[in-house]
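Examining the three-dimensional arrangement
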Amino acid sequence: MTSIRSEIDANFDAFQRQLHASLTSHRGEFALLRHGQIIDFFEFPGAALIAGKERFPDALFSIQEVNDEPIDLGVWSHA
Amino acid sequence: MPEIEWWHDGRRIVIPAAILRADDPADLRFHPVTALVDTGATSSGIMPAVVEALDLAPVGKRLVKAAHGEAMVDTFVFRIGLFADTSDRIQPSFPYVFDGIMGLRFGPSEHFDASVGMDILGQCDFSIARNRSCRLTFC
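Described below are features of the structure shown in this document.

Before going further, it helps to spend a moment on the overall build of chain A. In terms of regular secondary structure, chain A is built from 2 helices and 4 strands. Starting at the N terminus and ending at the C terminus, chain A contains elements arranged as α-β-β-α-β-β. C-alpha extents for chain A along the principal axes are approximately 40 × 30 × 25 Å. Scored against the burial criterion, the 79 residues of chain A give a buried share of 28%.

All names here are of chain A. Spatially, S2-S1-S3 is the arrangement adopted by the 3 strands of the open sheet, whose pairing is antiparallel. In this open sheet, the two edge strands, each paired with only one partner strand, are strand S2 (37–42) and strand S3 (62–65). Taking each pair of neighbouring strands and ignoring which way they run, the sheet shows an average axis angle of 30°. Pairing analysis gives 5 bridges linking strand S1 (residues 30–34) to S2, with the strands arranged antiparallel. When the bridges of S2 are listed, Leu33 appears paired with Ile38.

Moving on to the sheet that holds strand S1 (residues 3–7) of chain B. Residue and element names in this part refer to chain B. Ordered by their spatial adjacency, 3 strands build an open sheet running S1-S11-S10, and the pairing between neighbours is antiparallel. Looking at strand neighbours, the two that pair on one side only are S1 and strand S10 (124–128), the edges of this open sheet. The average angle at which neighbouring strand axes cross in this sheet is 15°, direction not considered.

The interface is formed by 24 residues belonging to chain A together with 30 residues belonging to chain B. The set of elements that each furnish at least two residues to the side of chain A that touches chain B consists of helix H1 (4–26), helix H2 (45–55), S3 and strand S4 (71–72) of chain A. Here the element with the most residues in the side of chain A that touches chain B is H2(A); it accounts for 5 residues.

The rules behind the values
- Residues numbered from 1 in each chain as written.
- Chains lettered and ligands numbered in written order.
- Predicted model: local features only at pLDDT ≥ 70, side-chain atom pairs only at ≥ 80, totals over all residues.
- Helix = DSSP H or I, 4+ residues; strand = E, 2+ residues; numbered from the N terminus.
- Buried ≥ 20, exposed ≤ 12 C-beta atoms within 10 Å, placed from the backbone.
- Pairing = 2+ DSSP bridges.
- Axes fitted to C-alpha atoms, helices over the stretch in contact; angles between N-to-C directions.
- Contact = placed C-beta atoms within 7 Å.

So this is what it looks like as structure tokens:
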């Protein structure tokens with residue numbers, strides 16, 4: 001049985017391979033992924049989460065921001 | 001337009017806040033936290049105890065940049081609420097709740113249990129004065 005951890009990892013790998021193409025038209029949006037496929041793009045992460053819960057009751061999905069820049073951690077950068 | 005005014009202690013800017021789940025807009029139960037206002041952080045964050053209290057599950061992962069290099073961390077979707085009246089920390093009024101954000105889980109801190117990053121601050125007017133007063137205004 002697939003776990004949410006392996007689903008996140010597999011989706012992330014697939015997302016990274018498609019990221020360059022997605023950036024062109026979806027930069028800053030949030031991709032809903034399942035089984036290595038991008039299902040849809042959303043303007044806000046909350047909307048992506050609600051759509052994921054509605055479409056996939058088994059909760060096997062993940063959300064990735066269409067962005068190729070790493071996050072700055074602020075004060076936690078030095079933790 | 002909602003406005004929040006409070007005072008910092010001269011060492012850091014913290015503010016009473018609320019963390020809510022984001023998977024049901026009608027679910028207004030919240031976990032009260034003390035949040036660091038961190039203009040250097042791209043994303044807001046919550047401590048592990050808050051993740052546990054709200055039973056949040058990771059939704060993805062993201063590359064982060066830290067002093068020691070880059071690392072991959074889990075991401076979580078949650079909502080942050082801010083209280084208009086920051087004087088009553090025991091019985092706070094109901095908070096103004098922002099739309100869900102994609103934030104991070106940080107390590108524990110003795111001074112705060114969440115951080116408000118630029119994903120929230122970018123939606124606000126934020127000012128700080130020499131008398132230690134701080135003000136957040138948002139729509």
